[in-house]
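# Breakdown of the fold
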Amino acid sequence: MANSPSGDSMLDRLVRILDSFDANNPSLSVSSLSRRADIPKATMYRLLDELVSHDLLARDDSGNVRLGLRLWELANRSATTQDLRTAAMPFMEDINQLIGQNTQLSVLHQDEVLIIERLSRPGSVVNQANVAGRMPVHRTSMGMALLAFSRPEAIQGFLQRHQELMAATHPNFRAEMVEIRRNGFASFDGFIDPETTGAAVPILDESGYQIAVLSVVVPRGSETLPSVALALRTAARGISRALGARASG
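Here the structure is a predicted model, which is why all the values come from computation and not from measurement.

Rules used throughout
- Residues numbered from 1 in each chain as written.
- Predicted model: local features only at pLDDT ≥ 70, side-chain atom pairs only at ≥ 80, totals over all residues.
- Heavy atoms only, no water.
- Pairing = 2+ DSSP bridges.
- Helix = DSSP H or I, 4+ residues; strand = E, 2+ residues; numbered from the N terminus.
- Contact = heavy atoms within 4.5 Å.
- Axes fitted to C-alpha atoms, helices over the stretch in contact; angles between N-to-C directions.
- Salt bridge = Lys/Arg side-chain N within 4 Å of Asp/Glu carboxyl O.
- Buried < 20%, exposed > 50% of the residue type's maximum accessible area, 1.4 Å probe, protein only.

Strand-to-strand pairing in sheets goes through backbone hydrogen bonds, with the strands running parallel or antiparallel. Spatially, S1-S3-S2 is the arrangement adopted by the three strands of the open sheet, whose pairing is antiparallel. Of all the strands in the sheet, the pair left with one neighbour each is strand S1 (27-28) and strand S2 (57-59). Bridge count for S2 against strand S3 (residues 65-67) is three bridges, and the pairing is antiparallel. From the neighbouring strand, Ala 58 faces S3, where its bridge partner is Arg 66. Its contacts with the sheet place helix H3 (residues 41-53) against S2 and S3, and it is angled at close to 105 degrees to S2.

Written out as structure tokens, the structure reads:
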């Protein structure tokens, strides 16, 4: 792909444009988008016309820009996430009904927790997880469960890339990993919201390493946490079996 006069490729620019949108900034003015993507405003207008014509971006009535529906369509064609969501959904619905709290399905992607599905529940506690949103590994039960059940080389690589952060937030990291693996789940009190506790259980492959995690957020201090963890572990095993059946089918 041809490079721009500044030396970066058009693909680099496209990725920077799309990465400019997040849960806190679902809609941006052209000026804000130009600044966040580090692309000259005149060039941004030209690129926007092309991206809007392909429905990769969309303009609203105020002239602001947001992600287009075609991105959602393309993302949902991903075989990996489609198979995972299809296998997990019946179990997620059961957990959602049983526990009465929002239920998430997440994966580890580029050193962050990526939420790929969430079932909401009226009257549930505050939950910061949003579909297609990202959350930090070190501050979530989802992230720590994903890390604890990753392959050893993946854990080591993560620690090397985030050595200072993990040393500051998890000084007993290796002991935590041992405990999470022994218990089969991770739980954190008040890391994201002071009034809640997150609980997450890994969905494992045939070798015992994580594919994804299933998680819920419950009121902090809830006496039901042991039963919540048990229900999540049962559901996670069911999802693992369903994925195995699909792979061999």
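From this point, things continue past the structure.
With that settled, the discussion passes to the pattern of salt bridges. Summed over all chains, the structure comprises six salt bridges. A salt bridge links Asp 111 to Arg 161; its shortest N-O distance comes to 2.7 Å. Placement of the pair is Asp 111 in the loop between strand S4 (103-109) and strand S5 (112-119) and Arg 161 in helix H7 (residues 152-161), with a sequence separation of 50 residues. Of the residues examined, Arg 161 reaches a relative accessible area of 52% and is grouped as exposed. Between Glu 112 and Arg 134 there is a salt bridge; the shortest N-O distance is 3.4 Å. With a gap of 22 residues between them, Glu 112 in strand S5 and Arg 134 in strand S6 (residues 134-136) connect regions that are remote in the sequence. On the basis of relative accessible area, Glu 112 is assigned to the partly exposed category, the value being 32%. Taking relative accessible area as the criterion, Arg 134 reaches 38% and is therefore assigned partly exposed.

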